[in-house]
Amino acid sequence: MLNSPFPNDAESPRVTKRRLQTNTNGTFVRVVNGEKEGEPFHSSVNIIVTWSLPSVSRIFYKDKYDASKPAASPKCWSNMGDKPEKETPDPQHPNCADCENNIKGSGAGSSRACRYMRRLAVLIEGDTSGDVYQFNVPAKSLFGKGKGNVHPFESYLSYLRSNGEHPDNVVTKVCYSPNSNAIELLFTPLRNVSEEEWQLVKTAQDLPDIKRYTQVVAYSVAEQSPFAETQGFTFS
């Protein structure tokens, strides 16, 4: 049976959250209840995306991120990238498009103060337990053009669609870009999922709280701010 990263505490107090975390040292680490679990994945990790929102999310932090200070909560966020959620403590504008924090230059340099982000619900290739992890895709890994079958995430989704595929029936390789000093991820299709993997995907998608993996929700707002030629197959 699949394990949700957001189980009912009364029923399963030992697990409250499960994440696949990126790191500046080029690894991917499984984190359960804030504690690292298992060996890290070096340079790349293979996943299956079981769920994502149809739109890119937005998140706004009032203060600049400082690693030496405790993680701050965002002041405003939008799961669908259109308007603040009802539970945001300090909505910045009735809608995201007209918000001053959506203007280029409102953040550092030419960036926007309100950042783009995506949260994915993913399975890890080879993990037959079917544990579902939340995976944050930061703004720098979302947009831009791909080359061949290697893409930033939004371009990757378009690439899959143009070839009649969907992220939930493809094993995806996620790797760090060798051409960036910051955390920048690239996505590549490796193969179609097996029948056994597809059953894990379908079970994950039937979880009653699957959408929560992909959203900013009240209990998780105090989290830390989200932030080569690779081998695979090319659709033909």
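The preceding data block contains the structure.
Residues numbered from 1 in each chain as written. Predicted model: local features only at pLDDT ≥ 70, side-chain atom pairs only at ≥ 80, totals over all residues. Heavy atoms only, no water.

Caption draft 1: Examining the overall build of the chain more closely. Helices and strands together make up the secondary structure of the chain, namely two helices and ten strands. Put simply, the chain runs from its N terminus to its C terminus through helices and strands in the order β-β-β-β-β-β-β-β-α-β-β-α. The burial tally for the chain puts 47% of its 236 residues in the buried class. Counting only carbon and sulfur atoms, one obtains 49% of the accessible surface of the chain, whose full area is about 12400 Å². (Helix = DSSP H or I, 4+ residues; strand = E, 2+ residues; numbered from the N terminus. Buried < 20%, exposed > 50% of the residue type's maximum accessible area, 1.4 Å probe, protein only. Areas by Shrake-Rupley, 256 points an atom, 1.4 Å probe, with all protein chains shown as cover.)

Caption draft 2: Molecular detail of the pattern of salt bridges. Summed over all chains, the structure comprises four salt bridges. With its nearest N and O atoms 2.5 Å apart, the salt bridge here joins Glu154 to Arg118. One end of the pair, Glu154, is in helix H1 (residues 153-162); the other, Arg118, is in strand E7 (residues 114-124), with 36 residues separating them in the sequence. Residue Glu154 is classed as buried on the basis of its relative accessible area, which comes to 18%. We note a salt bridge from Arg191 to Glu197, for which the minimum N-O separation is 2.8 Å. Put simply, Glu125, Arg191 and Glu197 are held in one network by salt bridges that share partners. (Salt bridge = Lys/Arg side-chain N within 4 Å of Asp/Glu carboxyl O.)

Caption draft 3: Geometry of the pairing of strand E3 (residues 35-42). In terms of residue burial, E3 counts as a barely covered element, since only zero of its eight residues are buried. Bridging between strand E2 (residues 27-32) and E3 involves five bridges; their strand directions are antiparallel. Pairing of Arg30 across the sheet is with Glu37, part of E3. Taking the residues between adjacent antiparallel strands as the criterion, E2 and E3 are bridged by two residues, where Asn33 takes a positive phi near 55°. (Pairing = 2+ DSSP bridges.)

Caption draft 4: Examining unusual backbone geometry more closely. A positive phi angle, near 55°, is found at Asn33, a position not held by glycine. Along the chain, Asn33 falls in the loop between E2 and E3. For Asn33, a relative accessible area of 33% puts it in the partly exposed group. Phi is positive for Ser43, which is not a glycine, with a value near 75°. Locating Ser43 in the fold gives a position in the loop between E3 and strand E4 (44-51).

Caption draft 5: Focus on the environment of Thr27. Secondary-structure assignment places Thr27 in strand E2. Linking Thr27 and Ser44, residues 17 residues apart in sequence, is a C-alpha distance of 7.2 Å. Apart from the residues within four sequence positions on either side, Thr27 is in contact with Gln21, Thr22, Pro40, Phe41, His42 and Tyr176. Within the local environment of Thr27, its side chain forms a polar contact with the side chain of Asn25, the two groups lying 2.7 Å apart. (Contact = heavy atoms within 4.5 Å. Polar contact = N/O pair within 3.5 Å; in protein donor to acceptor, adjacent residues only side chain to side chain.)

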